[in-house]
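If you want the building blocks of each chain, they are given just below.
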Amino acid sequence: MATTSALKQVLADTYALSLKTQNYHWNVTGMHFKTLHVMFEEQYDELAEAVDEIAERIRALGVKTPASFSKFSALTTIKDGNEEASARTMLEDLVVGHEHVIAALLHAKTTAAQNNDDVTEDIMIARLNAHQKTLWMLRATLAN
Ligand SMILES: [Fe+2]
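Residues numbered from 1 in each chain as written. Predicted model: local features only at pLDDT ≥ 70, side-chain atom pairs only at ≥ 80, totals over all residues.

## Details of the overall build of the protein chain
Reasoning step 1: Tallying secondary structure elements over the protein chain gives 5 helices and 0 strands in all.
Reasoning step 2: Sequence-ordered secondary structure for the protein chain, helices as α and strands as β, is α-α-α-α-α.
Reasoning step 3: Considering only C-alpha atoms, the protein chain reaches an extent of 50 × 30 × 20 Å along its principal axes.
Reasoning step 4: Taken across its 144 residues, the protein chain has 38% of its residues classed as buried.
Reasoning step 5: Across the protein chain, contacts joining residues at least 24 apart in sequence account for 76% of those joining residues at least 6 apart. (Helix = DSSP H or I, 4+ residues; strand = E, 2+ residues; numbered from the N terminus. Buried ≥ 20, exposed ≤ 12 C-beta atoms within 10 Å, placed from the backbone. Contact = placed C-beta atoms within 7 Å.)

See the structure below:
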């Protein structure tokens with residue numbers, strides 16, 4: 001089913017971005033350590049909750065959900081985070097990651113609309129709002 005395929009892509013990308021954000025929560029360094037450490041924790045918490053909601057939407061549509069590192073890494077094109085990156089590069093990398101998930105969400109939203117699946121469309125719109133808000137915060141931090 002096209003909608004669940006699109007949702008699996010969103011799920012894998014969201015999971016990969018959550019893990020990358022947690023990587024940066026742990027490994028960020030520099031003068032802004034505390035601010036970024038806390039901000040990244042808020043962001044991966046939000047993403048981890050979203051992972052559960054997206055996976056359970058796939059199940060509600062009657063399909064088994066991917067749920068392993070090997071399946072997620074086969075689906076996603078988001079690259080692993082670099083533990084050695086500077087704080088600025090981490091922020092820039094997260095901007096790219098959120099833009100990537102937004103593209104997957106837009107595809108899933110369109111596919112859901114074509115299939116008259118209002119509930120999935122609504123979940124995708126809520127996720128777009130969350131990612132756009134996080135992008136604002138990441139970009140505002142980079143602007144300092
Ligand atoms: Fe922590």
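## Let's talk about the nonpolar core
Reasoning step 1: With 23 residues, the main nonpolar core has L7, V10, L11, Y15, A16, I54 and A108 as its most contacted residues.
Reasoning step 2: At the level of secondary structure, the elements contributing two or more residues to this core comprise α1 (2-27), α2 (33-60), α4 (87-114) and α5 (118-143).
Reasoning step 3: The element that contributes the greatest number of residues to this core is α1, accounting for 9 residues.
Reasoning step 4: Among residues more than four places away in sequence, those in contact with L7 are I54, R57, I58, A108 and T120.
Reasoning step 5: In this structure, Y24, M39, F40 and L138 belong to the second largest nonpolar core, which totals 8 residues. (Core = buried A, V, L, I, M, F, W, Y, C linked by C-beta atoms within 7 Å.)

## Overview of unusual backbone geometry
Reasoning step 1: Here N116, not a glycine, exhibits a phi torsion of approximately 55°, which is positive.
Reasoning step 2: Mapped onto the fold, N116 is located in the loop between α4 and α5.
Reasoning step 3: Judged by C-beta crowding, with 7 C-beta atoms within 10 Å, N116 ranks as exposed.

## Considerations on the packing of α1 against α4
Reasoning step 1: Between α1 and α4, the least distance of the axes is 9 Å, while the angle of their chain directions is 165°. As summarised for this structure, α1 and α4 are arranged roughly antiparallel, according to the angle between their axes. The handedness of the crossing between α1 and α4 comes out as left-handed. Residues A2, T3, A6, L7, Q9, V10, D13, T14, L17, K20, T21 and Y24 of α1 touch α4, and the partners they reach there are M90, L94, G97, H98, H100, V101, A104, L105, H107, A108, T111 and A112. (Axes fitted to C-alpha atoms, helices over the stretch in contact; angles between N-to-C directions. Parallel < 35°, antiparallel > 145°, perpendicular 65-115°, else oblique. Left-handed = near helix turned anticlockwise from the far one by under 90°.)

## Comments concerning α5
Every α-helix carries 3.6 residues per turn, so stepping three or four residues along brings you back to the same face.
Reasoning step 1: Look at α5: 37 Å from first C-alpha to last across 26 residues, which is about the 38 Å you get at 1.5 Å a residue.
Reasoning step 2: Of the positions making up α5, those classed as buried are T120, I123, M124, R127, H131, T134 and L138.
Reasoning step 3: Looking at the packing, one finds that the buried side of α5 touches α1, α2 and α4. (Expected span 1.5 Å × (residues − 1).)

## Quick notes on the environment of Y15
Reasoning step 1: If you trace the backbone, Y15 turns up in helix α1.
Reasoning step 2: C-alpha of Y15 to C-alpha of V101: the two residues are 86 residues apart in sequence and 10 Å apart in space.
Reasoning step 3: Those residues in contact with Y15 that lie beyond four places of it in its chain are V51 and F72.

## Some thoughts on α4
Reasoning step 1: Taking 1.5 Å per residue as the helical rise, α4 with its 28 residues ought to reach 40 Å, and the 41 Å between its terminal C-alpha atoms agrees with that figure.
Reasoning step 2: N116, located one to two residues past α4, shows a positive phi value of around 55°.

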